[in-house]
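Descriptive structure summary
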Amino acid sequence: MVIFYVSGQHRPDNLNSFTAMMFLRSLVFVTAVLPFTLTGQHKQGTEYHAGRIHDAIVVDGILNEQTWQKANVATGFWMSKPYDSVPPVNETTVRIAFDDHNLYLAFECRDDGQAPVVQSLRRDFDFRFNDNVGFYFDPYNDYTNGFYFNISPYGVQREGLMANGGAEPESFSPFWDNKWYSAVTRSDTLWVAELAIPFKSIRYNRGEWNFNVLRNDLERNQTSSWIATPVQYLPASFAWSGKLIWDDELPKPGTNVSFIPYMAGSSFTDKENNVPAKSEVLVGFDAKVGLTPSLNLDLTVNPDFSQVEVDQQVINLTRFEFNFPERRQFFLENSDLFSAPGFPDSRPFFTRRLGLAADTSGILRRVPILYGARLSGKIGKDWRVGVLNLQTQETRSLGLPDQNYTMAIVQRQVLARSNVDFFFVNKQSLGLGDEYDPDRFYHSSLVHETITGTDTLRELNTYNRVFGFDFNINSKDTRFRGDVYYHQSIDDFNTTDRYSAGTFLGYFGRNLAVMGAVQLLGKNYNAEAGFVPNLDVYPGFTGSFTRVEYLTYPKSKLVANHGPFAEGNWGFIPGGRNTDQNYNAGYIISFLNTSSFSIGLQHTYQYLTQDFNPIGGEQNYLADEVFSWNQFQFRYQSDNRKLFNYQVEGNVGGFYTGRSFVINGEMNYRYQPYGSLGVRFSYNDVDLTGNYGKAQLLLLGPRLDLTFTDKLFLTTFVQYNNLADNVNLNARFQWRFQPASDFFIVYTENYLPEPFQSKNRALVLKLTYWFNL
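Residues numbered from 1 in each chain as written. Predicted model: local features only at pLDDT ≥ 70, side-chain atom pairs only at ≥ 80, totals over all residues. Heavy atoms only, no water.

1. Thoughts on the overall build of the chain
The cut-off we apply is this: Segments assigned H or I by DSSP are reported as helices when at least four residues long, segments assigned E as strands when at least two residues long, and all are numbered from the N terminus. Each residue is placed in one exposure class: buried if its accessible area under a 1.4 Å probe, protein chains only, is under 20% of its type's maximum, exposed if it is over 50%, and partly exposed if it falls in between. A contact between two residues is defined here by any heavy atoms of the two lying within 4.5 Å. In these tables, accessible area is a Shrake-Rupley quantity obtained with a 1.4 Å probe, and a residue counts as shielded only by the protein chains included in the view. By the counting rule applied here, Lys and Arg register as positive and Asp and Glu as negative, while His and the ends of each chain are not counted. Taken as the charge location is NZ of Lys, CZ of Arg, CG of Asp or CD of Glu.
In terms of helices and strands, the chain carries 4 helices and 45 strands. For the chain, the residues scored as buried account for 53% of the 773 residues in total. For the chain, the share of sequence-separated contacts (at least 6 apart) that also reach a separation of at least 24 residues comes to 60%. Carbon and sulfur atoms make up 57% of the accessible area of the chain, which amounts to about 33400 Å² in all. Averaging the locations of the 67 positively and 80 negatively charged side chains of the chain gives two centres separated by 5 Å.

2. Section: the environment of Thr 546
The condition is simple: Two N or O atoms count as a polar contact when they lie within 3.5 Å, although within protein this holds only if one can serve as hydrogen donor and the other as acceptor, and sequence-adjacent residues are included solely when both atoms are side-chain atoms.
In this structure, Thr 546 sits in strand E32 (residues 541-550). Along the sequence, Thr 546 and Asp 382 sit 164 residues apart, while their C-alpha atoms lie 33 Å from each other. Every residue in contact with Thr 546, bar those within four places of it in the chain, is listed here: Met 515, Gly 516, Ala 566, Glu 567, Gly 568 and Trp 570. A polar contact is formed between the side chain of Thr 546 and the backbone oxygen of Met 515, at a distance of 3.2 Å.

3. Quick notes on unusual backbone geometry
Omega for the peptide link from Lys 81 to Pro 82 comes to 5°, which places this bond in the cis form. Following the sequence through the fold, Pro 82 ends up in the loop between strand E5 (78-81) and strand E6 (92-98). In this structure, Leu 415 takes a positive phi of about 55° despite not being glycine. Its place among the elements puts Leu 415 in the loop between strand E24 (402-414) and strand E25 (418-430). Among the residues examined, Leu 415 registers a relative accessible area of 72% and is labelled exposed. In this model, Asp 497 sits at a positive phi of 50°, which is unusual for a non-glycine residue. Within the element layout of this structure, Asp 497 appears in the loop between strand E29 (480-490) and strand E30 (499-508).

4. A word on the nonpolar core
Under the convention used in this document: Residue types Ala, Val, Leu, Ile, Met, Phe, Trp, Tyr and Cys, when buried and joined through side-chain atoms within 4.5 Å, form a set referred to as a nonpolar core.
Ile 96, Phe 107, Phe 135, Ile 202 and Trp 209 are the most contacted members of the largest nonpolar core, which has 50 residues in total. Looking at which element gives the most residues to this core, the answer is strand E13 (residues 190-198), with 7 residues. When neighbours within four sequence positions are excluded, Phe 107 is seen to be in contact with Thr 93, Val 94, Val 133, Phe 135, Trp 191, Val 192, Ala 193, Leu 195 and Val 213.

5. A look at the confidence of the model for the chain
To be explicit about the condition: For every residue, the predictor assigns a confidence score, pLDDT, that lies between 0 and 100.
For the chain, per-residue confidence averages 90 on the pLDDT scale, and 95% of positions sit at 70 or higher. Below a pLDDT of 50 lies the segment residues 9-38, which in the model reaches 64 contacts outside its immediate sequence neighbourhood of four places, other chains included.

6. With respect to the pattern of salt bridges
Our working definition: Put simply, a salt bridge is a Lys or Arg side-chain nitrogen that is within 4 Å of an Asp or Glu carboxyl oxygen.
According to the stated counting rule, one finds 39 salt bridges in the structure shown. A salt bridge links Glu 326 to Arg 328; its shortest N-O distance comes to 2.9 Å. For the residue pair Glu 326 and Arg 328, the accessibility class agrees, reading buried in each case. Of the charged contacts, one joins Arg 635 and Glu 649 as a salt bridge, the two residues approaching to 3.5 Å between their closest N and O atoms.

7. Points about the packing of aromatic side chains
Counted only if it meets this: Between the rings of Phe, Tyr and Trp (Trp by its six-membered ring), a pair exists once the centres lie within 6.5 Å; its type follows the angle of the planes, with under 30 degrees stacked, over 60 edge-to-face, and the other angles tilted. Criterion for a charge above a ring: Lys NZ or Arg CZ within 6 Å of the ring centre, and within 35 degrees of the ring normal.
All told, the structure shown has 44 aromatic pairs when counted by the stated rule. When the centroid spacing of 5.6 Å and the interplanar angle of 75° are considered together, the rings of Trp 629 and Phe 655 count as edge-to-face. Within this pair, whereas Trp 629 is found in strand E36 (residues 626-637), its partner Phe 655 is found in strand E37 (residues 644-655), the two being separated by 26 residues in sequence. Over the ring of Phe 305 we find Arg 328; its NZ or CZ atom is 5.5 Å from the centre of that ring. A cation sits over an aromatic face here: Arg 510 above Tyr 553, 5.4 Å from the ring centre.

8. Quick look at the pairing of E32
How we decide: Two strands pair if DSSP finds at least two bridges between them.
Across 10 bridges, strand E31 (residues 512-521) lies against E32 in antiparallel orientation. Looking at the pairing, Met 515 lines up with Arg 547 of E32. Pairing of E32 with strand E33 (residues 559-573), which is carried by 8 bridges, proceeds in the antiparallel orientation. Its bridge partner being in E33, Ser 544 is matched across the sheet by Trp 570.

9. Concerning a nonpolar patch on the surface
Note the cut-off: Residues qualify for a patch when their relative accessible area is over 30% and they have no salt bridge, like charges being joined within 9 Å and the nonpolar side chains of Val, Leu, Ile, Met, Phe, Trp and Tyr within 5 Å.
Residues Tyr 587, Phe 597, Ile 599, Leu 601, Phe 632, Val 652 and Phe 661 make up a contiguous nonpolar surface patch of about 570 Å² in total accessible area. When residues in the nonpolar patch are grouped by element, the largest group, 3 residues, is from strand E35 (residues 596-607). Within the fold, Phe 661 resides in strand E38 (residues 658-671). Judged by relative accessible area, which is 32%, Phe 661 ranks as partly exposed.

In structure tokens, the structure reads:
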């Protein structure tokens, strides 16, 4: 029995329908001995030669064209996970060719007759939890930036951008979307994938490329790659890549312009605040213009993000702002360039500050974006540039004026894999006038208070700027990684202590990993368009961190690796007062069946710099008070190949003057391949004793994810939060009727849990279409 899957409804001009006769011919071909095969364990820099097609390629998952019969065959894949000492059980082969319009890829993935493991038919799937094969490539030959295209045995597509050489999981962004075409055929012992990637969909140079091909055989828990990669590194990293050599000249990149208009209609009802129902129609567009083969201009006018999935709520009992991930498409592309400066808790530019603002109760509200423009890409071999400018509209309900945001960055590659960047961020509030108007412009981010005795002077903050540099260090094999940075802010109110600086260095060996960092934050450092939560709590901050891990890879039929870890964190405020100590030690075991388990002990010391109560009790802990406590921690992840799988983590022990028991987790049941039913949960039982309070906090989030086909999706997500006294329903229907073109229906409603009644609701219909001009 053979099954066909075809993705991309509109094929390139030279793609025609296939016939049964072609399929019969292909059965002979796939078992034939091919003229030239690359086999064995391949080292970094191994060459694969690709040329022009010999005949028209029909993207149908049937490799019967002369081109594929004559193409070089890359085989000899080698395992990289969970160990790196043997080839995989199921072999994979790769062929590459091109014409004036497309890059063509052909994969043959041997199988042992077991059904593929996939989460659903939804595109942009998670590599770890799905059988798939993918092409990871650096078309600039700089070992830094690139693209990836993956396909599952069910023909589901995944594409994305790579940054920082693919050295870390954060280097891969699945949010980039573009047009390409694919087809898959499956038999009992083989699945074959054929891909056509338009050259218009990528940016590239015409010389040699760096690349690797990865396959995740999840049923056997084996990740393999064409270039052999040590187990401690990511096999998609360009430090462990081969060379793609073009025997014929690639087509010269031409004009590449894409126009993506949208139209959205919405209806909103707010019963809680007695706001009359209202409806509106929005129109806008995105545009992508390829200025050079490696430099792109992205434009957005009146963007609408109503189809973006809602944030997953959390119970936050710390003193610090929680960093929710960015999910809006315009800000996700090239985010490695614009959001990379600094450390994760000292970013000078944080895109969730743009188009979103907290109201007086701390709830995030939408601020209309009028337009945005982003120029990004490479200039020459070693230079990379980025400029982003965005304008938001005055929002009276939040006390915000028109505001303009600019981020400009220049990055220069140095040494083998390292780079240095210089950047500038500007936030400008427009039309404020000369005097403070508390009835019009009153948002907390605008008003600067100066207290003199019993008098409080309030002035408007018209601008905020940050500039600085970062030196990102990567050794040639990514064994050593580090970062050194210095940033400084500028505003109307501060002249001293406006710095942010830090150093990180890590060694990542096969068994031993050691890393450490130091961070300095001046008390007047002010990055209004950034994310620096420590300065909301401390009057200046000096922190340090160190971690040591040691992993052993036993010869076992049960355990993949195991080992201990230990880490410490320390914090100080100006004057040398120690405010924080955190010590954590434990043991991790990863099993060959994809499950894992860890336990740990944690000691926490805190000196409070301001009044605080983690659960909002009747009485606050006071500034200058000192606390310490110990907790036991655990985490377990079940075999994620099973139709029913789960993960659970928790801690139990002391907490300030009392105790706490916390358990978080997620359970999922997969109806393969059409979707899953899952439940996220978080339960916090906290007793601080006395008037400090006690609480049982519950967050429950059932989620139904249905994928009727690889183009038709329905997601329904419910979140109950007893701390917020709210039930949120978000349902999203998506129809991808053409490549990169969608129709959405999004319904959102918030309820009061008791008595159960609606607070507000919204319905949005949105249509987008991608034109290649």
